[in-house]
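# Descriptive analysis of the structure
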Amino acid sequence: MSGESPVHEPVVFDARTLPVNDNVNPYAFSVDLDGRWFLQKGKMIAYYGQIDFHGIGHGPLDHLIAASFHSPLHAADWVVAEGKGRLLLADRAFDVNSFDLDDGNLTVRSGNLLAFEPSLSLKQSIVPGFLTLIGTGKFIAASNGEVHFMEPPVRVDPQALVGWADCPSPCHHYDHAYLQGVLGGIRAMTGLGGASGEEHQFDFVGQGTVLIQSTEMLLAERNAGAVPDQAGVPGPG
Amino acid sequence: MARFRLEGSKVLAVTLAGGGDVVKAKNGAMVAYDGEMTFKKLTGGGDGLRGMVTRRLTGEQMEVMQVKGQGTCFFADRASDISLVRLNGEKLHVEASNLLCTEGGLRTGTTFTGLRGASQGNGLFTTTVEGTGLAAVLSDGPAVLLRVSSGMPLQVDPGAYVAHQGDLRQSFQSGVNFRTVLGEGSGESFQVRFEGEGVVYVQPSERNTLGGDL
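Residues numbered from 1 in each chain as written. Chains lettered and ligands numbered in written order. Predicted model: local features only at pLDDT ≥ 70, side-chain atom pairs only at ≥ 80, totals over all residues. Heavy atoms only, no water.

### So, the overall build of chain B
Let me state the cut-off plainly: Put simply, DSSP H or I for four residues or longer makes a helix, DSSP E for two residues or longer makes a strand, and each gets a number counted from the N terminus. Exposed residues in this analysis have more than 50% of their type's maximum accessible area, buried residues have under 20%, and partly exposed residues fall in between, with area computed by a 1.4 Å probe over protein chains only. Computed with a 1.4 Å probe, the accessible areas rest on the Shrake-Rupley method; for each residue, only the protein chains presented here act as cover.
Summing up its helical and strand segments, chain B has three helices and 12 strands in all. For chain B, the residues scored as buried account for 55% of the 214 residues in total. With an accessible surface of roughly 8,900 Å², chain B has 51% of that area assigned to carbon and sulfur atoms.

Listed below in structure tokens is the structure:
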């Protein structure tokens with residue numbers, strides 16, 4: 001017998017008690033689905049109710065792709081969940097958070113975006129490997145460790161960057177003084193004399209919000225789609 | 001008698017009183033102990049000869065050790081989260097790899113699960129735990145407990161399934177259609193549908209499954 005063992009009664013959820021469009025715990029998110037949502041492939045862990053999952057391709061969902069994707073190029077990684085019920089989403093036990101956009105824009109690393117409402121539209125960012133959401137609605141993103149919000153001007157480590165909202169100026173920044181002169185050159189080339197690994201950052205200025213994760217471990221990148229190979233388009237090749 | 005206590009969410013502390021006080025634990029899951037402990041590897045999951053043969057045949061092999069002694073023994077496995085499940089005579093179904101520790105009074109066995117196992121790449125069988133006492137179940141990220149009752153069936157991704165208890169029927173649900181064949185699959189083509197009365201444990205993460213990419 002183990003009657004005196006201190007075991008807390010665990011919380012058991014059902015279709016009525018699962019949170020409505022909120023986190024169940026830091027790692028799982030419950031969507032109250034009535035209509036359609038876009039999910040990244042393989043992020044559904046369980047659901048109650050009647051929900052169908054459609055791969056995106058040609059056919060009846062064409063108009064939806066036209067409205068929400070504007071480009072079929074990266075559509076293959078996405079699924080449309082359609083129906084009514086509660087849908088649980090999670091990603092490799094990473095932290096998941098929902099964010100609301102109100103007639104705004106947010107650019108996020110492709111591997112971090114889990115799901116979004118069709119009222120938002122998803123586009124490829126000019127910055128390779130990033131996706132941009134535009135419009136009004138809710139989306140869900142994963143991060144390794146919790147997300148922190150920073151106000152520009154701020155410089156962030158490339159690996160810690162999750163995304164940014166409303167800032168038009170993501171650019172590279174190098175610690176010039178540290179890399180100056182002959183000694184600096186040797187340091188930069190060989191790491192001798194102590195490279196801190198922090199000589200390069202992303203620089204944000206202006207009005208907006210920058211999202212960073214509390215680790216420098218990257219989530220695997222998702223194919224954000226190829227861009228047309230033409231002059232003036234960053235990224236191709 | 002054995003007392004189970006969670007140290008945080010990823011370490012299980014089991015206090016043993018000595019004498020005939022034993023627990024069964026996943027082989028190699030001990031991270032520390034104080035007092036006097038002996039660890040004995042149990043052949044074939046500790047279910048006896050018949051169980052050993054069954055486990056061999058079904059592929060639901062389980063490396064189990066018997067822990068005996070006086071003191072506190074700490075168990076953990078790859079920083080997985082641990083849920084304690086109290087059993088009062090009912091049966092718990094759990095994947096062998098997700099079972100961390102069971103009280104001495106609990107019996108373990110194997111049972112046929114049907115196609116769910118096949119899609120999970122975990123074989124067609126699952127491990128059962130029966131009796132009265134506590135069992136510790138592992139999950140990648142804290143497990144979410146979902147109740148199934150009449151009129152409220154639950155669909156679970158095979159890769160996120162960890163365990164279930166209660167009077168549940170499971171069936172395999174497939175959304176494979178011509179689009180899957182064309183390479184426009186949804187990645188969510190296979191689900192396990194649970195009906196009846198009971199609780200299902202799911203983890204906020206997916207194992208790689210055979211059906212996962214379809």
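### A look at the overall build of chain A
Heads up, the condition is: Residues are treated as being in contact if the distance between any of their heavy atoms lies within 4.5 Å.
Helix and strand counts for chain A stand at two helices and 15 strands. Within chain A, buried positions represent 50% of all 237 residues. Taking as baseline every contact in chain A between residues at least 6 positions apart, the subset at least 24 positions apart corresponds to 78%. Counting every atom, chain A has about 11,200 Å² of accessible surface; 56% of that belongs to carbon and sulfur.

### What to know about the sheet that holds strand β13 (residues 171-174) of chain A
By way of backbone hydrogen bonds, the strands of a sheet pair with one another, either parallel or antiparallel. Residue and element names in this part refer to chain A. Rules: Two strands qualify as a pair provided DSSP detects at least 2 bridges between them. Convention adopted: a line fitted to C-alpha atoms gives each axis, helices being fitted over their contacting stretch, and angles between N-to-C directions are expressed from 0 to 180 degrees.
Taken together, the three strands give an open sheet; going across it, the order is β11-β14-β13, and neighbouring strands pair in antiparallel fashion. On the outer flanks of this sheet lie β11 (154-156) and β13, each paired with one strand and no other. For this sheet, the mean inter-axis angle between neighbouring strands, taken without regard to orientation, is 40°. Here three bridges tie β11 to strand β14 (residues 200-204), and the two strands are oriented antiparallel to one another. By the bridge assignment for β14, valine 156 is matched with phenylalanine 202.

### Overview of the interface of chain B and chain A
Worth spelling out the cut-off: Here's the idea: put two parts together, see how much 1.4 Å probe accessible area each one loses, and the total over both is what we call buried area. Just to be clear on terms, a salt bridge is a Lys or Arg side-chain nitrogen sitting within 4 Å of an Asp or Glu carboxyl oxygen. Here a polar contact is taken to be a pair of N or O atoms separated by no more than 3.5 Å, where protein atoms must pair a possible hydrogen donor with a possible acceptor and residues adjacent in sequence count only if both atoms sit in side chains. Any residue that is not Ala, Val, Leu, Ile, Met, Phe, Trp, Tyr, Cys, Pro, Asp, Glu, Lys or Arg is counted as polar, Gly included; the first ten are nonpolar and the last four charged.
With 39 residues of chain B at the contact, the number on the chain A side is 40 residues. Between chain B and chain A, the buried area comes to about 3,200 Å², and carbon and sulfur atoms account for 56% of it. Counting the contacts that link chain B with chain A gives zero salt bridges. Applying the counting criterion to the chain B and chain A interface returns eight residue pairs in polar contact (both at pLDDT 80 or more). Of all elements in the fold, only β1 (3-7), β5 (81-94), β8 (125-139), β9 (144-148), β10 (154-156) and β12 (190-202) of chain B reach the threshold of two or more residues within the side of chain B that touches chain A. Per-element tally for the side of chain B that touches chain A: the top contributor is β9(B), with five residues. Of the residues assigned to the side of chain B that touches chain A, the class counts are 18 nonpolar, 10 polar and 11 charged.

### Quick word on the environment of Val205(A)
Tracing the chain through its elements places Val205(A) in the loop between β14 and β15 (209-213). Remark: the alpha-carbon pair of Val205(A) and Pro152(A), spanning 53 residues in sequence, is separated by 5.0 Å.

### Observations concerning unusual backbone geometry
A cis amide bond links Pro152(A) to the next residue, Pro153(A), at an omega of 5°. Along the chain, the position of Pro153(A) falls in the loop between β10 (147-150) and β11. Although it is not a glycine, Asn21(A) adopts a positive phi angle of roughly 45°. Relative to the elements of secondary structure, Asn21(A) occurs in the loop between β1 (12-13) and β2 (22-25). The phi dihedral of Arg78(B) falls on the positive side, at around 45°, and the residue is not glycine. Relative to the helices and strands, Arg78(B) is located in the loop between β4 (64-75) and β5. Taking relative accessible area as the criterion, Arg78(B) reaches 71% and is therefore assigned exposed.

### Here we look at the state of the cysteines
All names here are of chain B. Keep this limit in mind: In plain terms, two cysteine sulfur atoms within 2.5 Å form what is called a disulfide here.
According to the stated counting rule, one finds zero disulfides over all chains in the structure shown. Of all cysteine sulfurs in the structure, the one in cysteine 101 sits closest to cysteine 73, which takes part in no disulfide; the separation is 8.1 Å. Taking relative accessible area as the criterion, cysteine 73 reaches 1% and is therefore assigned buried.

### Quick word on the nonpolar core
For the record, the criterion: In this description, a nonpolar core means a group of buried Ala, Val, Leu, Ile, Met, Phe, Trp, Tyr and Cys residues linked to one another through side-chain atoms lying within 4.5 Å.
Of all hydrophobic cores here, the largest spans 23 residues; its most connected members are Leu146(B) and Val200(B). Residue assignment for this core shows that the elements contributing at least two residues are β4 (44-55) of chain A together with β9, β10, β11 (161-174) and β12 of chain B. By residue number, the principal contributor to this core is β12(B), which donates four residues.

### Comments concerning the confidence of the model for chain A
We apply this condition: Each residue carries a pLDDT value, the predictor's own confidence for that position, ranging from 0 to 100.
Taken as a whole, chain A shows an average pLDDT of 80; of its residues, 72% reach a score of 70 or greater. Contacts of residues 1-5 of chain A to residues separated by more than four positions or lying in other chains number 13 contacts, the stretch itself having pLDDT below 50.

### Some remarks on the packing of aromatic side chains
Residues and elements named next belong to chain B. Here is the rule we go by: The criterion for an aromatic pair is that two Phe, Tyr or Trp rings (for Trp, the six-membered ring) have centres within 6.5 Å, with stacked assigned to planes under 30 degrees apart, edge-to-face to planes over 60 apart and tilted to the rest.
For the coordinates displayed, the defined rule picks out nine aromatic pairs over all chains. Ring geometry for tyrosine 161 and phenylalanine 194: centres 5.8 Å apart, planes at 15°, overall stacked. Of the two residues, tyrosine 161 sits in strand β11 while phenylalanine 194 sits in strand β12, which places them 33 residues apart along the sequence. Phenylalanine 194 carries the same exposure label as tyrosine 161, and that label is buried.

### Some words on the confidence of the model for chain B
One rule of thumb: low pLDDT means the predicted coordinates there are not for detailed reading. Residues and elements named next belong to chain B. Put simply, chain B has an average pLDDT of 81, and 74% of its residues get 70 or more. Note that pLDDT drops below 50 for residues 117-122; the model gives that stretch 21 contacts with residues more than four away or on any other chain. Contacts of residues 210-214 to residues separated by more than four positions or lying in other chains number 12 contacts, the stretch itself having pLDDT below 50.

### What about the pattern of salt bridges?
Oppositely charged side chains can pair when the atoms bearing their charge come close. If you walk through the whole model with that rule in mind, you get 11 salt bridges over all chains. In this structure, Asp100(A) engages Lys138(A) in a salt bridge whose closest nitrogen and oxygen atoms are separated by 3.3 Å. Placement of Asp100(A) in strand β6 (residues 95-109) and of Lys138(A) in strand β9 (residues 130-143) is noted, with a sequence separation of 38 residues between them. Note on Lys138(A): relative accessible area 14%, which makes it buried. A salt bridge links Asp77(B) to Arg78(B); its shortest N-O distance comes to 3.7 Å. On the basis of relative accessible area, Asp77(B) is assigned to the buried category, the value being 14%. Through salt bridges that share partners, Lys43(A), Asp91(A) and Arg92(A) make up one connected network.

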